[in-house]
Amino acid sequence: MNTIQLPKAIIIIFGATGDLAKRKLFPSIYRLYQSGKIGEEFAVVGVARRPWTNETFRENVKESVENAVSVNSDLTSFTSHFYYHPFDVSNQSSYHSLKSLLSDLDEKYQTEGNRVFYLAMAPEFFGIIANNLKEHGLKDTNGWTRLVIEKPFGHDLASAQKLNDEIRAAFDEEQIYRIDHYLGKEMVQNIEVIRFANALFEHLWNNRFISNIQITSSESLGVEDRGNYYETSGALRDMVQNHMLQMVALLAMEPPIKLTTDEIRSEKIKVLRALRPIQENEVDSYFVRGQYTKGIINGKEVIGYREEANVDPDSNTETFVAGKILIDNYRWAGVPFYIRTGKRMKEKSTKIVVEFKDIPMNLYFKKESDRVPNLLVIHIQPDEGITLHLNAKKAGVSSEATPIKLSYNNNGIDGMNTPEAYERLLYDCMQGDATNFTHWDEVALSWAYVDPISNAWSRKKAAFPNYEAGSMGPKEADELLAKDGFHWWPI
Ligand code: NAP
């Protein structure tokens, strides 16, 4: 019988008392443990400044797991793998004691010198930590060492380049795992399968048969308590530079010759290189920005962005972006990829609509306006699945057509067992699979695309606020498609 090798490693979480660790990382590690994807040969070391003990840390881990996952057993043996090592990451001397703790735990849990350094902290610390890990020999083990970096990766191309240079001084590109949690989502990974495992779609997947592609990622939440962060970011940097462009790349890339990290990345990189650059003086023709004012969501009145905590009452930060992206290659010349994303929109939903070109003549619909093109809808979240919109004969009525839908819903079938994005990404990282993490070239090309847009926007004050909370964004986002003869398909 073949036995699967379970990954063995120490995961060192920098920022272990923070929000991300609590909401995402601890529950994900538990799910890996619960499902047997990791065995007993692992340890987690939490680093942050708070003067907690191992016991307090374990109590917090227990609480966060219980809040997020249905737990069917005592958590004591799971939490016994967790250790807390308080220090300020800019304090050089503390890395020495961390090193000896890791050596002891290596021995105790037989983790063979394998280490995941997970930086769940503000980006200004990434370079400092990476360099101290190298300087103090925490990377010098008999096993593998990997560095996981959270977004945001820079603020523009220049700052991302600087950050990358700092990290690369300590870690090789192959050791760096840049998180884009959208890439851990089941249906985002499914884009590739839907395209490349179905002749029906792949043969039509080009500018001869597709008229446009629409990607919507809407949130109904506002900025919550992250006003400070959001004011320096905005929707363009927070969503478009990473998640939206990654989805564009997956939808537009050529089939890879093999399903390896390098081959897939290289195809995605080619798409990002083919994005038609937008000059600062033409931004208004391609991109629309918005900011929400007060409104009603789920029957409740919510405040406008400028009234939120830690937000400038005269803020010029966009909470909504819509854009038209063009890809200058043989497959996609002339096909617009429309994207839109924002906060405080009507509902939380991420969805891709592929609109096929219509047949040349209307034979079956009474009115031209009743005609509906074929659509392939990929539901990313909260629903996971696909819907194909076709036309079929209206029952009983002579030769008249009616739109029908064929739907596949992932939630009902194995949704309960679908791993959470962070769970999958952590597991991939422990297995050394970097496919669903972003390569530096992808990050750099995405910033190069987005920078002229943010430059143009920072130079000119917008007429904000311009969309009501609970709506689908400003009217200019509809006009962006209308001038090309399209409209957003309802979400
Ligand atoms: P957070 O709640 O503010 O946590 C920051 C952590 O860093 C805390 O554990 C804090 O602990 C620790 N810390 C701060 N300064 C330190 C220092 N000098 N030395 C040691 N520890 C220090 O932030 P977060 O929301 O978890 O986000 C962490 C990272 O993930 C950020 O880069 C963020 O952009 C990214 N991210 C977060 C989310 C999310 O959902 N939260 C989503 C995507 C990306 P002490 O105060 O105890 O030192």
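See above for the structure.
None of the values given here were measured: they were computed from a predicted structure.

Conventions adopted
- Residues numbered from 1 in each chain as written.
- Predicted model: local features only at pLDDT ≥ 70, side-chain atom pairs only at ≥ 80, totals over all residues.
- Heavy atoms only, no water.
- Near = heavy atom within 4 Å.
- Polar contact = N/O pair within 3.5 Å; in protein donor to acceptor, adjacent residues only side chain to side chain.
- Nonpolar A, V, L, I, M, F, W, Y, C, P; charged D, E, K, R; others polar.
- Axes fitted to C-alpha atoms, helices over the stretch in contact; angles between N-to-C directions.
- Helix = DSSP H or I, 4+ residues; strand = E, 2+ residues; numbered from the N terminus.
- Parallel < 35°, antiparallel > 145°, perpendicular 65-115°, else oblique.
- Contact = heavy atoms within 4.5 Å.
- Phe/Tyr/Trp six-rings, centres within 6.5 Å; stacked < 30°, edge-to-face > 60°.
- Buried < 20%, exposed > 50% of the residue type's maximum accessible area, 1.4 Å probe, protein only.
- Lys NZ or Arg CZ within 6 Å of the ring centre and 35° of its normal.

1. Some remarks on the site of the ligand
Here's step 1: Around the ligand lies a shell of 21 residues, among which T17, D19, R23, R49 and M121 are the nearest.
Here's step 2: Within the side chain of D88, a nitrogen or oxygen atom sits 3.0 Å from a nitrogen atom of the ligand.
Here's step 3: A distance of 3.0 Å is found between an oxygen atom of the ligand and a backbone nitrogen or oxygen belonging to K151.
Here's step 4: Classifying every residue of the shell around the ligand gives ten nonpolar, three polar and eight charged.

2. With respect to the packing of helix α9 (residues 227–252) against helix α10 (residues 261–274)
Here's step 1: In the contact formed by α9 and α10, the axes pass within 9 Å of each other and the chain directions differ by 110 degrees. The pairing of α9 with α10 is recorded here as roughly perpendicular in orientation. From α9, L245, Q246, V248, A249, L250 and A252 reach across to α10, where they touch K268, V271 and L272.
Here's step 2: For the contact of α9 with α10, the residue count by class is seven nonpolar, one polar and one charged.

3. Focus: the packing of aromatic side chains
Here's step 1: Within this structure, the stated rule accounts for 24 aromatic pairs.
Here's step 2: Considering the side-chain rings of W52 and Y84, the 5.6 Å spacing of their centres and the 40 degrees angle between planes classify their relative orientation as tilted. Taken together, the positions of W52 in the loop between β2 (42–47) and α2 (54–68) and Y84 in strand β3 (residues 82–84) put the pair 32 residues apart, joining distant regions of the chain.
Here's step 3: Ring geometry for W332 and F337: centres 5.2 Å apart, planes at 80 degrees, overall edge-to-face. The same class applies to W332 and to F337, which are both buried.
Here's step 4: Taken together through their ring pairs, the aromatic side chains of F26, Y30, Y33, F42, W52, F57, F78, F82 and Y84 make up a single cluster.
Here's step 5: When the ring centre of Y427 is taken as origin, the NZ or CZ atom of K37, which lies over that ring, is 5.7 Å away.
Here's step 6: When the ring centre of F153 is taken as reference, the NZ or CZ atom of R178 above it lies at 5.1 Å.

4. Quick word on the side chain of K324
Here's step 1: In this structure, K324 sits in strand β12 (residues 320–325).
Here's step 2: Separated by 3.0 Å, the side chains of K324 and D484 make a polar contact.
Here's step 3: When near neighbours in sequence (up to four residues on either side) are disregarded, K324 contacts I278, Y286, F287, P336, F337, Y338, Y449, L480 and D484.

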